[in-house]
Protein chains: 2
Amino acid sequence: MTSPETDIPIAIDGDRLWATLEASAQIGSIPPSGLARLALSASDRQMRDLFVSWCREAGLAVRVDRIGNIFARRAGRGGDVAPVMIGSHLDTQVHGGRFDGILGVLAALEVVRALNDADVHTSRPVDIVCWTDEEGARFRRSMLGSSVFTGELELTQALLLTDDDGVTVGDALTEIGYVGEAGVPGPPPHAYLELHIEQNSILDESDVDVGIVDSSYPTYILAVHFEGRTAHAGPTPMAKRHDALTGAARAIVAIDEITRRHGPEAKSSTSSIRVWPNRPAIVSSSVDLRCNICHPDDHVLDGIKREIERAVEAAAAASNVTGHVVPAARFGDAGFDSRVVAALDAAAATAGIPSMRIAAQAGHDAFAIARIAPTAMVFCPCRDGISHHPDEDVDYARVLPSIAVLARAAVAVADGPELG
Amino acid sequence: MTSPETDIPIAIDGDRLWATLEASAQIGSIPPSGLARLALSASDRQMRDLFVSWCREAGLAVRVDRIGNIFARRAGRGGDVAPVMIGSHLDTQVHGGRFDGILGVLAALEVVRALNDADVHTSRPVDIVCWTDEEGARFRRSMLGSSVFTGELELTQALLLTDDDGVTVGDALTEIGYVGEAGVPGPPPHAYLELHIEQNSILDESDVDVGIVDSSYPTYILAVHFEGRTAHAGPTPMAKRHDALTGAARAIVAIDEITRRHGPEAKSSTSSIRVWPNRPAIVSSSVDLRCNICHPDDHVLDGIKREIERAVEAAAAASNVTGHVVPAARFGDAGFDSRVVAALDAAAATAGIPSMRIAAQAGHDAFAIARIAPTAMVFCPCRDGISHHPDEDVDYARVLPSIAVLARAAVAVADGPELG
């Protein structure tokens, strides 16, 4: 392939990158191929320590902030100005794969190593970032570190979140030794770039290896609450039961059916449920569900949400309980920055790498950072779109092009004009 | 009212009984009227200690067995032969009332106090029994102590059951100081009698205060398992999801609808659910439900069960997961002993107290003991049939007649012929 402009002489070393991924895959592994490396766990500490040692070997200055986000800086020629930040997260789901998030951090490390090899020095610093607890699998709050960094989530509030054993984020952070000195909210970077596996099969089913993410699916996290009344699950006449679990079950089915009626672009799952008392022989009196729904068109999404609200009321009424929906969070509305997206396009074109525009459908730290800095993402293919499962996999050869694009875009943005 | 036979001069002292109930209601209370006194908890220990002190004051010899069942013996004239055993349990649900089980133990204590007052001495001993953990609210195994006593449940197996915090029955029993010397399985009593609130509103809505329990509703506890596959709850196409929670929800709704189609005598509730991973942004891969179904006619019950099995398969198929039903337990088949029932009938007639025959619809320790000894139960009314809820209540005046019947039947059986 020929390049329309003169390419920067950066060579991504696939073998070196795979070695870091293989080392990561040993820490918190679910044999044969998965990972369960929950945020702020002993295995998270082990991975962070390894990552920090790699950063130091690469000559980077490592800084940690109050919520445990790690920043590893490659100095710029222009002194200590706002950096180009590239990274993702090293924590996983309880039943996750070895690439989700991790690839973004280790690709950033490979970019910096490649810049070192090529002796390329950017005007602005390049910071590799590892955000604390993107998955929310342990403390039930996704994008924790990046949201504290932007100020969207208060540090004090974040530190008080608890896991299933009642351990707070604050205690867990202290336990693993990652309470840093850097203050939060942190200083907005010049720009933020994040590489991630796509988590769907659009790229995998195409012959294009690089997805330049210019938009995302607006997503609601809905909290749905049902309130009934405990009673004996044996003798109590059915007509006198106020069974919150049955109401919730009707709603879960309705949410699934409503979503499917809106075609393949509409997606939803009720991924968590909390029932009380949840014991033998007692009718449930309260149920809390968490459900996420997304659709690329926010008008359609709002329509789906209204249908779900009506369905929850109907489900509750059918079970003689009360039910209501509270939108607990919404993300995916913050558009990515057209100039950073253009830099990615240009990087792909310069390197002669075919790319396509694509929309993000999952939550990412990039969504949080997009609120405070010009941001965009790069996706690479993952096999069959599988993620949040140990079978998550990639074709290594199809990952390298996106890292080559990331490296070139990072340099271009680090050397480019103010985006402010 | 006149008595057809000469009545025994036993006087139940309502005020004395209510005082014990009021004292019990202070231990583990949910204000204003409920109780959360889980088995082998600190409040269970406090209640047991109080109960034991009352038994000792009444001159009874207290014995505890290896699973913590408490036996308080009023000696018989005929020496240490098999006793008439009367009692129930002192533990409650997490959101329970002050009468379920407790009334049966304290009524037994009142019977013994009344026998003491009247200087009535029976041929066989009368044992008051407090069974360990009838509710199963903490360790998820109902009728724990009585099932170990009969040998249906192995002691070693029972001691290894854990609560939500991983505490074993064995450790909890040691912690509260109720690991006794008496061996299990224990010696079958001559006969077993248990008084309980009805937990339905048949007596409450009638003008009869005493229900003589001659039968019970056959009941299945069904374990229902669904197996899907984790995936990202965002981008994964709906057609590629294998969402175990949606499958379970379809089944919960179907179980409710099937039960209602079988008329008011059919009852069911899915009272517990366990979901994995049950976290944000990840599709559920496995769900376990516990559901109980009962119907007085065991052919109808088996038909309902078959319908549920088919519905579970259909629900699983509709959600692209697998699902199957395993009957985890069945109870309510052991008929009560006609001679003990006749003794209760005769006691009511002798005392001139109107009674009616009634069927038990909930699980009781009496079901366990019926496997090894002649057994029957007496029910008293509870307001609106409410139980397993803090609003559980009784009209004290309507409780006394059942205790008068219990006392007279206990004496008659203790002085009666061998039932072997």
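Given the structure is predicted, the values throughout are model-derived calculations rather than measurements.

Take the relation of the copies chain A and chain B next. After a rotation of 180° and a shift along the axis of 0.0 Å, chain A superposes on chain B with an RMSD of 0.1 Å. What the superposition gives is, in effect, a two-fold axis relating one chain to the other. Across chain A, the smallest distance between a C-alpha and the rotation axis is recorded for alanine 249 of chain A, namely 2.1 Å. Both copies share a contact surface, since 100% of the interface residues of chain A are interface residues in chain B too.

Moving on: the packing of helix 3 (residues 102-118) of chain A against helix 11 (residues 396-415) of chain A. Residue and element names in this part refer to chain A. Contact geometry for helix 3 and helix 11: axes closest at 10 Å, N-to-C directions at 60°. It follows from the interaxial angle that helix 3 and helix 11 lie oblique. In this structure, the crossing between helix 3 and helix 11 has a hand that is right-handed. On helix 11, the residues that touch Leu103, Ala107, Val111 and Leu115 of helix 3 are Val399, Ile403, Leu406, Ala407 and Val411.

Before going further, it helps to examine the interface of chain A and chain B. Of the residues lining the interface, 66 residues belong to chain A; the matching set on chain B comes to 66 residues. When chain A packs against chain B, the two sides together hide about 5,600 Å² of surface, and 52% of this comes from carbon and sulfur. For chain A, the biggest contributors to the area lost against chain B are Pro235, Met238 and Arg279 of chain A; these three give 13% of the whole. Summed over the shared surface of chain A and chain B, the result is ten salt bridges. Salt-bridge contacts for aspartate 164 of chain A lead to arginine 279 of chain B; the nearest nitrogen and oxygen are separated by 3.8 Å. In this structure, the connection of chain A to chain B is made through 36 residue pairs in polar contact (both at pLDDT 80 or more). Elements supplying a minimum of two residues to the side of chain A that touches chain B: helix 7 (244-261), strand 10 (267-276) and strand 11 (286-294) of chain A. Per-element tally for the side of chain A that touches chain B: the top contributor is helix 7 of chain A, with ten residues. The residue makeup of the side of chain A that touches chain B, split by class, is 25 nonpolar, 25 polar and 16 charged.

With that out of the way, let us pick up unusual backbone geometry. Backbone torsion omega between valine 184 of chain A and proline 185 of chain A reads -10°, so that peptide bond is classified as cis. The topology assignment puts proline 185 of chain A in the loop between helix 6 (169-176) and strand 7 (191-197). Note that the residue after tryptophan 276 of chain B, namely proline 277 of chain B, is joined by a cis bond; omega there is 0°. With respect to the helices and strands, the residue proline 277 of chain B is situated in the loop between strand 10 (267-276) and strand 11 (286-294). A positive phi angle, close to 50°, is found at aspartate 133 of chain A, a residue other than glycine. Relative to the helices and strands, aspartate 133 of chain A resides in the loop between strand 6 (126-131) and helix 4 (144-150). Phi angles above zero are rare outside glycine, and asparagine 320 of chain B is one such case at about 65°.

What follows concerns the sheet that holds strand 5 (residues 84-89) of chain B. Residue and element names in this part refer to chain B. Read from one edge of the open sheet, eight strands run 3-4-6-5-7-14-8-13, paired in mixed fashion. On the outer flanks of this sheet lie strand 3 (61-64) and strand 13 (355-360), each paired with one strand and no other. The sheet shows a mean angle of 30° between the axes of neighbouring strands, direction not considered. Where strand 5 meets strand 6 (residues 126-131), six bridges bridge the pair, whose relative direction is parallel. Looking across to strand 6, one finds that serine 88 is bridged to cysteine 130. Lying on the sheet, helix 11 (residues 396-415) is in contact with strand 5, strand 6, strand 7 (191-197), strand 8 (210-216) and strand 14 (375-380); it crosses strand 7 at an angle near 180°.

What counts, and where the lines are drawn
- Residues numbered from 1 in each chain as written.
- Chains lettered and ligands numbered in written order.
- Predicted model: local features only at pLDDT ≥ 70, side-chain atom pairs only at ≥ 80, totals over all residues.
- Heavy atoms only, no water.
- Least-squares fit on C-alpha atoms with pLDDT ≥ 70 in both.
- Contact = heavy atoms within 4.5 Å.
- Axes fitted to C-alpha atoms, helices over the stretch in contact; angles between N-to-C directions.
- Helix = DSSP H or I, 4+ residues; strand = E, 2+ residues; numbered from the N terminus.
- Parallel < 35°, antiparallel > 145°, perpendicular 65-115°, else oblique.
- Left-handed = near helix turned anticlockwise from the far one by under 90°.
- Buried area = accessible area lost by both parts, 1.4 Å probe.
- Salt bridge = Lys/Arg side-chain N within 4 Å of Asp/Glu carboxyl O.
- Polar contact = N/O pair within 3.5 Å; in protein donor to acceptor, adjacent residues only side chain to side chain.
- Nonpolar A, V, L, I, M, F, W, Y, C, P; charged D, E, K, R; others polar.
- Pairing = 2+ DSSP bridges.

Function-wise, these values are silent; they only describe arrangement.
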